[in-house]
Amino acid sequence: MNYDSYSVEHFLEDPFFIEWVKHKTPESDTYWNAWVSSNPANLPAMKEAEVQLRILLSAQRIEAESGEAAQVWGRIQNELAKSSETTEKSESSISAKTRPLFKRWMAAAAILLAVASGSYFMWNQKPPKTKLAATNNNQQVKEIDSAPGGNKAILTLADGSKIVLDTTNNGTITKQGNVTIIKLDGQLAYQQSTNNGEMSTAVTYNTITTPKGGQYQLILADGSKVWLNAASSLRFPTVFTGNERRVEISGEAYFEVAPNEKMPFYVKMNMLSGNGGEVKVLGTHFNIQAYENEEAIKTTLLEGLVRVSNGALQKTLKPGQQAQFKKASNQLNVLKNVNVEAVLAWKNGRFQFNSVDIKDIMRQAERWYNVEVTYEGSINENFSGNISRNVNIAQLLKVLEATEKVTFSISGRQIIVKPK
């Protein structure tokens, strides 16, 4: 890691730094003390990051009723307006060195207040008249307490052995050659070290797989970051050598690729039903959705430049565009001005639906809550809304029923969807 060029934000995102702050050990102290001695100019950024991280780690979660969301948001806006006025009046008393931290702290306070508001949907609909639909024997359906997903994944090493990450302690979990694999609270990081000043050229492959109801983050050996959604997998080399970097995915993942023009990054979409295509990257941020049970493979670009190809079909994307490969028609089309916020809602801990049909919503629910969904009757309605992925499925279903467009019957982990 090139810590000598790190900013405060870089330190706050680095799993090795976070691990050191949370669980200091003699070994990690030795490393960081040596780093401080050789990088005195960057010590202020490191110290400021340590202070901010300790503040965040000591914060307590505040629970709130979901119905308070609008009021909380109003308070956030009022407080931000007040803080803006206060900041302007107080700038003469806040040093230039302190001012950035003060502003970031105000932003962090607003975020914490927003998180405390719980979850909600925005519907232009009447409030619900009843709870979930009744079963055939006229007994009220119990609210199933199917908890939301979390940080769950299995790491398969080069020798075929498996590590269940959600039950593995934080810290170094294993080493492969000159690569150390570190786990920290839902994140896995590959740190490559040197042997006698030379990097190893041996290439082995690992695979990280999330189940239904699982998600995980990964930092590859080159510094590229990957967020893996539920029911997804990523196959990748423990180190990158040669003149290109290649990984393979199934399911859905968001990538922030470390720039390296001399070593382009390729993502292959693995599909049981056939070739899912490939994405060529030159340092960029993008999302790929390549689930088997979705009608199209979607690549959405946030920053940089990517080229999407499937056989002879090729498209180059600009930020805000989405390539859709239709499996049935074998067509590759590009959509412009895509709602990127909705595409990345899963990564940011939310469901966000913008005029989508119920089957789209329930496919997401199946993957995140590990349930099975069937349908009775036809539902020709679109839904729009926004709700936290941290709620139990019963709350999601009740919100959907509040639209008076759809109703649900539940038996164990089986959900039957019916028109209202």
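All values derive from a computational prediction rather than experimental measurement.

Student: Explain the packing of helix H8 (residues 358–369) against helix H9 (residues 393–401) to me, please; I cannot follow it from the model alone.
Tutor: Relative orientation and spacing of two packed helices are given, respectively, by the angle between their axes and the distance between those axes. Interhelical geometry of H8 versus H9 gives an angle of 170° and a closest axis separation of 12 Å. When the axis of H8 is compared with that of H9, the two are roughly antiparallel. For the pair formed by H8 and H9, the contact residues are Ile358, Ile361, Met362, Ala365 and Tyr369 on the first element and Ile393, Leu396, Leu397 and Leu400 on the second.

Student: Looking at this structure, how should I read the sheet that holds strand E21 (residues 372–375)?
Tutor: Adjacent strands of a sheet pair through backbone hydrogen bonds, lying either parallel or antiparallel. Spatially, three strands are ordered E21-E24-E23 in an open sheet, and the strand pairing comes out mixed. A single partner strand is all that each edge strand has here, and the edge strands are E21 and strand E23 (406–411). Direction aside, the axes of adjacent strands within the sheet are offset by 25° on average. In terms of strand pairing, E21 meets strand E24 (residues 414–419) through four bridges, oriented parallel. When the bridges of E24 are listed, Glu372 appears paired with Gln414.

Student: Please explain the pattern of salt bridges as it appears in this structure.
Tutor: Pairing of side chains with opposite charge becomes possible as their charged atoms draw close. Summed over the entire model, instances satisfying the criterion amount to seven salt bridges. Its salt-bridge partner being Glu244, residue Arg246 comes within 2.7 Å of it at the nearest N-O pair. Through salt bridges with shared partners, one network takes in Glu244, Arg246 and Glu278.

Student: Explanation requested: the nonpolar core in the structure shown.
Tutor: Among the nonpolar cores identified, the biggest contains 42 residues, and Leu155, Leu188, Ile208, Leu234, Phe255 and Phe286 are the most heavily contacted of them. Of all the elements, strand E11 (residues 245–256) adds the most residues to this core, at four residues. Those residues in contact with Phe286, other than ones at most four positions away along the chain, are Ala253, Tyr254, Phe255, Val257, Val267, Val279, Val281, Thr299, Thr300, Leu301, Leu302 and Val306. Counting residues in hydrophobic clusters, the runner-up holds 26 residues, among them Phe383, Ile387, Val399 and Phe408.

Student: Explanation requested: H8 in the structure shown.
Tutor: Note that an α-helix has 3.6 residues per turn; residues three or four places apart therefore point the same way. The end-to-end C-alpha distance of H8 is 16 Å, a good match for the 16 Å that 12 residues give at a rise of 1.5 Å each. When you tally the buried positions in H8, you get 10 out of 12 residues, the bulk of the element. Its side-chain oxygen placed 3.1 Å from the backbone nitrogen of Lys359, Asp357 serves as the N-cap of H8. Two residues or fewer past H8, Asn370 is found with a positive phi of approximately 55°.

Student: Where do I start with the packing of aromatic side chains in this structure?
Tutor: Given two aromatic rings, their pairing is described by the distance between the two centres and the angle made by the two planes. This model, assessed by the stated rule, comprises seven aromatic pairs. Ring centres of Tyr190 and Phe236 lie 5.1 Å apart, and the angle between their planes is 90°; this geometry places the pair in the edge-to-face category. With Tyr190 in strand E6 (residues 187–192) and Phe236 in strand E10 (residues 232–237), this pair connects stretches of sequence that are 46 residues apart. Ring centres of Phe351 and Phe353 lie 5.9 Å apart, and the angle between their planes is 20°; this geometry places the pair in the stacked category. Both residues of the pair, Phe351 and Phe353, count as buried. Here Arg367 stacks its cationic end above the ring of Tyr291, 3.7 Å away from the centre of that ring. One residue, Arg389, lies across the ring of Trp368, its end atom 3.7 Å from the ring centre.

Rules used throughout
Residue positions within a chain follow its written sequence, with the count starting from 1. In view of the model being predicted, local features appear only for residues whose pLDDT reaches at least 70, and side-chain atom pairs are presented and counted only at 80 or more, with totals across whole chains, interfaces and linings using the full set of residues. Hydrogens and waters are ignored; side-chain quantities use all the structure's heavy atoms. Only the contacting stretch of a helix is used when fitting its axis, a line to C-alpha atoms as for every element, and angles between N-to-C directions run 0 to 180 degrees. By definition, any uninterrupted DSSP run of H or I lasting at least four residues is a helix, any uninterrupted run of E lasting at least two residues is a strand, and each is numbered from the N terminus. Between 65 and 115 degrees an angle is taken as roughly perpendicular, under 35 as roughly parallel, over 145 as roughly antiparallel, and anywhere else as oblique. Any pair of residues with heavy atoms lying within 4.5 Å of one another is described as a contacting pair. Two strands qualify as a pair provided DSSP detects at least 2 bridges between them. Should a side-chain nitrogen of Lys or Arg be within 4 Å of a carboxyl oxygen of Asp or Glu, the pair is scored as a salt bridge. Nonpolar cores were defined as sets of buried Ala, Val, Leu, Ile, Met, Phe, Trp, Tyr and Cys residues, with membership established by side-chain atoms within 4.5 Å. To sort residues, take the accessible area from a 1.4 Å probe on protein chains only and compare it with the maximum for the residue type: under 20% means buried, over 50% means exposed, and anything in between is partly exposed. What a helix is expected to span follows from its residue count: subtract one and scale by 1.5 Å. What qualifies as a polar contact is a pair of N or O atoms within 3.5 Å, subject to a donor-acceptor requirement within protein and to the restriction that residues adjacent in sequence count only when both atoms come from side chains. In this analysis, rings of Phe, Tyr and Trp, with Trp reduced to its six-membered ring, are considered paired at centre separations within 6.5 Å, and the interplanar angle assigns stacked below 30 degrees, edge-to-face beyond 60, and tilted for intermediate values. The criterion for a charge sitting over a ring is simple: Lys NZ or Arg CZ within 6 Å of the ring centre, and within 35 degrees of the ring normal.

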